[in-house]
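Letter by letter, the chains look like this.
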Amino acid sequence: RQVKRSASMQSTPISPQAFLDALLERRGYSTASFCSLESGYYCKPTPLQKASYGIALVRAVRAGDATLLKKLLDCGLSPNP
């Protein structure tokens, strides 16, 4: 089944973000954007978090090695590096 496109849909190609923004605006939603680094969801890592992030911890997580991960956390590494 072929879909008949309106004249506005036959214009030049636009980016997916621009398409989504236009769709949201037509539906009455805000398309305001904010810098994620300035939001409440971004927190600079603490010195403990920076010190805890290393190859041993990453390997333990990637391998799903719960025993090694527990040992590393028991040594004082942050569970939130």
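Residues numbered from 1 in each chain as written. Predicted model: local features only at pLDDT ≥ 70, side-chain atom pairs only at ≥ 80, totals over all residues. Heavy atoms only, no water.

Let's talk about the pattern of salt bridges
Applying the stated criterion across every chain yields a total of one salt bridge. D74 is paired through a salt bridge with K70; the nearest N and O atoms lie 2.9 Å apart. Remark: K70 and D74 occur in helix 4 (residues 66-74); sequence separation between them is four residues, near one turn of the helix. When its relative accessible area of 51% is taken as the criterion, K70 is described as exposed. (Salt bridge = Lys/Arg side-chain N within 4 Å of Asp/Glu carboxyl O. Helix = DSSP H or I, 4+ residues; strand = E, 2+ residues; numbered from the N terminus. Buried < 20%, exposed > 50% of the residue type's maximum accessible area, 1.4 Å probe, protein only.)

A word on the side chain of S78
Among the secondary structure elements, S78 is positioned in the segment after helix 4. A relative accessible area of 7% places S78 in the buried class. Only 3.0 Å separates the side chain of S78 from the backbone nitrogen of N80, close enough to count as a polar contact. Non-local contacts of S78, meaning those with residues more than four positions away in its chain, are made with L48, Q49, S52 and L73. (Polar contact = N/O pair within 3.5 Å; in protein donor to acceptor, adjacent residues only side chain to side chain. Contact = heavy atoms within 4.5 Å.)

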